[in-house]
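Residue-level listing of the chains:
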Amino acid sequence: MTETKHAAIAPATSRRSILKGFAAAGIATAFTLRFPAVHGQEASTLKIGWVAALSGPGALFGEATDFVKAQLEARFGGGIEIGGKTYSVEVLVRDSQSSVNVAAQVTTELMTRDKVDLIVASEALASVAGGQMAVINRTPIISTLFPSDAMIGVRGGPEAYSNNGTPWTFHFLFDTADVGAAYMGMWEPVRSRLNDTVGTFYVDQPAAQGFAHPEFGLPAFLNQAGYTSVEGGMFKVETDDFSNQVATFRDGDAQILTGFMFANHFASFWRGAAQGNYKPEIVTIAGAFLFPGGIDALGDRGDGVSTEIWWSPKTPFASSLTGQTAGALAAEWETTTGTQWTPVLGYTHAIWEVAIQALVASGDPKDREAVRSALAATKLETIVGPVDFTDTPVPGITKTPLVAGQWRKAKSGPYNYDLVVTYNGTSAPFVVDDEFKLLSDLS
Amino acid sequence: MSTFLRSGLALPALGLAVVAAALILLPIDRRLAMEVLLVLAMAQGWNLLCGYTGLLSFGHHAFVGLGAYVLFMTVNTTGLSPAWSILAAALVALVVGLGMWALLRKLRGPYFSIGIWVLADSLRLLFAQWEWVGSSRGIVLNPMSIDASTFADTVFYLALGLALVTVLGVFALLRSRTGLALMAIRDNEAGAASVGIAVARNQLAAFLISAVVCAAAGAIYYLSVLYVDPSGAFDIDWQIRVLFIVIVGGLGSIEGPIIGIVIYFGLRELFRDAGDLFLIFQGLTAFLVPLIMPGGIWGLIQSRTGWQLFPTRRIAQ
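(A) View of the overall build of chain A. A tally of helices and strands in chain A yields 17 helices and 17 strands. For 443 residues, the compact-globule estimate of 2.2 N^0.38 gives 22 Å, and chain A sits close to it at 22 Å. Once the C-alpha set of chain A is aligned to its principal axes, its extents read approximately 75 × 45 × 40 Å. Taking all 443 residues of chain A together, 58% fall into the buried category. When contacts within chain A are restricted to residue pairs at least 6 apart in sequence, long-range pairs at least 24 apart make up 72% of them. For chain A, the accessible surface area stands at approximately 16400 Å², while carbon and sulfur atoms represent 52% of it. Averaging the locations of the 31 positively and 45 negatively charged side chains of chain A gives two centres separated by 5 Å.

And the structure:
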């Protein structure tokens, strides 16, 4: 199973991973869950669409779908009671295949053909491509797992996103600036021991382009904090030889290395760095180190690499649905699936917390305007932290807390690496597990 | 009237009228119908090029994306209505198609296929870097330009219109002198050239028609989504779909793509809730049909029965 995870991250072995995926996932990648109300005959049915990335390059982001589905069964079994009335619930799960076209197609289909009352999009592309249709069809969408600023950007700016103050799409996640601030904060304690030279390189891909943006992305933060950049530039997704970048960073003596790429890119780069004798002291990469599998792919050489932390078992919040703490949820996941926790688990769970809260608060979940208003009035403590749509600069967008930390060789337990929080920013409830260490301190 | 009946036009005219009436009157899912009609138009356009003039294009998604972008930029910058902006999309596709032809005209066989694929990918990269069109973020259609209450119907009728114009247009073209030339090229390119048919000119005409049709279809499709981005609009999946539909249905006929459409969307709807099964069956179909029926499904039917729903064959008298 762990091997499948590596393969899913690394396109180099994608053919094998696809075949394994077939075997592992069987065929049940899109499905409908039906939860009849106990008093079936008099109840009306609540239809909820769920768009998730169950296949394609983003499939890791849909990894928690089956698990959360099982949790919903516990919640929706026997229907759901809202405003004194019991509703049967039908959840229509659709696979975006990680493609913007498919996401647009299945999302609009959910609105126009299935006429769902609400769309839950743990695949943000559903909101990217279907957001305008949500306004036209007056169907609310809740989405996550995509930087907030990037979401506003792709949807044509704040006014367009929020439909001039009456949004039909509701999105929660931190933004690129939070990531930049977390990186700067995380490096600060060890900065005096280093030369202030930062090597940067990015994969040429939409989310990374926002990250690499000279005015709003990471470069702006590096400039502002007075770091000198050694630019490795953008590289194509297909790249697997990084000897140029290795030489550039080595010759430029970049003691800190940062950027945005996928796990397979960094794994190739890191092998090249070892051969090319480039030994940075800090390696903080977005994307590549998000999932435990990406660190496992580095073998023994993943100790001390650092990242922003979306969600981890140490996140100090609990679920409004099950009462579980983040640690308990992660533990349940690890026993059920036999694999290490994933950051998407917290968010996949949280998006349903928000959805169910809004349906209940609406009083009449078949009235989409009521559900829309309930979402706009949402202020909920979830397993990823507070989700508050009531007081935000752009209606329909809110941010969730972000911290940063380091992957360390696990001292005990079944997994190779553990993620420790080394920087908690202003998110006070987070506990700092350990101080940030340079790679040479750990070896 | 009797000449009309004897000309064999009655059946296709009646058939199309019945289909159009059914689509309009029956309580069907108009969104799905819209997509089917647009892909049908693309397939007919592409088939005119590949099925008749032998130019196997792997890059027609270039025109799908281009049409979408031209429509969005026209609506957003000039305020022209989306429906009229489709004409702008067609016009730009014509001009870009001419430019592409200048680069591709000396390429034959696999070189043409790969060459146009490269151009399509270059367009995707260009649009992903071009700030004015939103770069990789993509662009949304200005919501002021649409009327929410009639929007779904509008795009459906636009798609229906395009599909009818394309099918009838291709049919009329094939019954004309040019059509005779195209079919001669289809059956024997060297032979056609030897009897004085201007092969290159006919190929250019077919190329431009297919470009314009794909651009118009792309424009209408993305109009229906209200958002376009380079990875979606220039997705090679558009090309693969058309390829599948035409190859399975039957190259070089009007009926072939129609059968291909039925099979493609039939499979998709059948396995709508079954994830990968759709891809498995699509792959099996794409593999087995050409193996068992080299001329596609319609090719087999035609060789057994001699039927023609859209009579384009000339019989020497």
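(B) Layout of the nonpolar core. Within the largest apolar cluster, 128 residues are counted, with the highest numbers of intra-cluster contacts made by F207 and Y222 of chain B. Excluding residues that lie within four positions of it along the chain, Y222 of chain B makes contacts with N101 of chain A together with V64, A68, F72, Y227, V228, G232, A233 and W238 of chain B. Core analysis: the second largest hydrophobic core is formed by 111 residues, A52, V89, W352 and L375 of chain A among them.

(C) Spatial organisation of the interface of chain A and chain B. The interface is formed by 31 residues belonging to chain A together with 36 residues belonging to chain B. Roughly 2700 Å² is buried in total at the junction of chain A and chain B, and carbon and sulfur atoms are behind 52% of that figure. Connecting chain A to chain B are 3 salt bridges. One salt bridge connects R113 of chain A with E269 of chain B, and the closest N-O pair in it is separated by 2.6 Å.

(D) Fine view of a nonpolar patch on the surface. Together, I280, F281, L284, F287, L288, L291 and I292 of chain B give the surface a local cluster of nonpolar side chains, amounting to about 660 Å² of exposed area. Among the residues examined, F287 of chain B registers a relative accessible area of 54% and is labelled exposed.

(E) Highlighting the packing of aromatic side chains. Enumeration according to the criterion identifies 45 aromatic pairs over all chains in this entry. Each ring, one from Y69 of chain B and one from F234 of chain B, has its centre 6.0 Å from the other, and the planes form 15°; the classification is stacked. One end of the pair, Y69 of chain B, is in helix α4 (residues 61-78); the other, F234 of chain B, is in the loop between α11 (230-233) and α12 (236-249), with 165 residues separating them in the sequence. The exposure classification of Y69 of chain B matches that of F234 of chain B, with both residues buried. With a centroid separation of 5.2 Å and an interplanar angle of 65°, the aromatic rings of F156 of chain B and Y157 of chain B are classed as edge-to-face. The ring of Y227 of chain A has R191 of chain A sitting right over it, with the charged end atom 3.9 Å from the ring centre. Across from the ring centre of W168 of chain A, 5.7 Å away, lies the NZ or CZ of R372 of chain A, which sits over that ring.

(F) Expanded view of helix α11 (residues 243-251) of chain A. Residue and element names in this part refer to chain A. Among the residues making up α11, those that are buried are Q245, V246 and F249. Looking straight down α11, one finds that the buried residues subtend no more than 100° of arc, so they occupy a single side. For α11, the exposed residues lying more than 90 degrees away from the buried face are N244 and D251. Turning to α11, the residues buried within the fold contact β8 (197-203), β9 (228-235), β10 (256-261) and α12 (263-275). Following α11 by one or two positions, D253 has its phi on the positive side, about 50°.

(G) Spotlight on the environment of D117 of chain A. Residue and element names in this part refer to chain A. Structurally, the position occupied by D117 is in the loop between α4 (100-112) and β5 (118-121). On the basis of relative accessible area, D117 is assigned to the buried category, the value being 3%. When residues no more than four places from it in sequence are discounted, the contact partners of D117 are T45, L46, K47, P140, P365, K366 and R368. At 3.0 Å, the side chain of D117 and the side chain of K366 are in polar contact.

(H) Structural view of the pattern of salt bridges. Throughout the structure, instances matching the rule amount to 26 salt bridges over all chains. Members of the salt-bridge network, linked through shared partners, are E109 and R113 of chain A together with D29, E35, D237, R241, R268 and E269 of chain B.

(I) Layout of helix α3 (residues 30-53) of chain B. Residue and element names in this part refer to chain B. Its 24 residues give α3 an end-to-end C-alpha distance of 34 Å, which sits within 8% of 34 Å, the value for a rise of 1.5 Å per residue. Its maximal kink placed at N47, α3 deviates by approximately 35°. Counting buried residues in α3 gives 22 out of 24 residues, a clear majority hidden from the surface. Of the residues trailing α3, G54 is marked for its positive phi of about 75°.

(J) Inspection of the packing of α4 of chain B against helix α5 (residues 82-104) of chain B at higher detail. All names here are of chain B. Across the interface, α4 lies against α5 with an axial gap of 8 Å and an inter-helix angle of 135°. By the angle class used here, α4 and α5 are oblique. Seen along the crossing, α4 lies across α5 with a hand that is right-handed. Between α4 and α5, the residues in contact are A62, F63, L66, G67, V70, L71, T74 and V75 and P82, S85, I86, A88, A89, V92, A93, V96, G97 and M100, respectively. Class assignment of the residues belonging to the contact of α4 with α5 gives a composition of 14 nonpolar, 4 polar and no charged.

Scoring rules and cut-offs
- Residues numbered from 1 in each chain as written.
- Chains lettered and ligands numbered in written order.
- Predicted model: local features only at pLDDT ≥ 70, side-chain atom pairs only at ≥ 80, totals over all residues.
- Heavy atoms only, no water.
- Helix = DSSP H or I, 4+ residues; strand = E, 2+ residues; numbered from the N terminus.
- Rg over C-alpha atoms; globule rule 2.2 N^0.38 Å.
- Buried < 20%, exposed > 50% of the residue type's maximum accessible area, 1.4 Å probe, protein only.
- Contact = heavy atoms within 4.5 Å.
- Areas by Shrake-Rupley, 256 points an atom, 1.4 Å probe, with all protein chains shown as cover.
- Lys, Arg positive; Asp, Glu negative; His and termini not counted.
- Charge placed at Lys NZ, Arg CZ, Asp CG, Glu CD.
- Core = buried A, V, L, I, M, F, W, Y, C linked by side-chain atoms within 4.5 Å.
- Buried area = accessible area lost by both parts, 1.4 Å probe.
- Salt bridge = Lys/Arg side-chain N within 4 Å of Asp/Glu carboxyl O.
- Patch = residues over 30% accessible without salt bridge, like charges linked within 9 Å, V, L, I, M, F, W, Y side chains within 5 Å.
- Phe/Tyr/Trp six-rings, centres within 6.5 Å; stacked < 30°, edge-to-face > 60°.
- Lys NZ or Arg CZ within 6 Å of the ring centre and 35° of its normal.
- Arc of directions from axis to C-beta.
- Polar contact = N/O pair within 3.5 Å; in protein donor to acceptor, adjacent residues only side chain to side chain.
- Expected span 1.5 Å × (residues − 1).
- Bend = angle between axes of the 7 residues up to and from the residue.
- Axes fitted to C-alpha atoms, helices over the stretch in contact; angles between N-to-C directions.
- Parallel < 35°, antiparallel > 145°, perpendicular 65-115°, else oblique.
- Left-handed = near helix turned anticlockwise from the far one by under 90°.
- Nonpolar A, V, L, I, M, F, W, Y, C, P; charged D, E, K, R; others polar.

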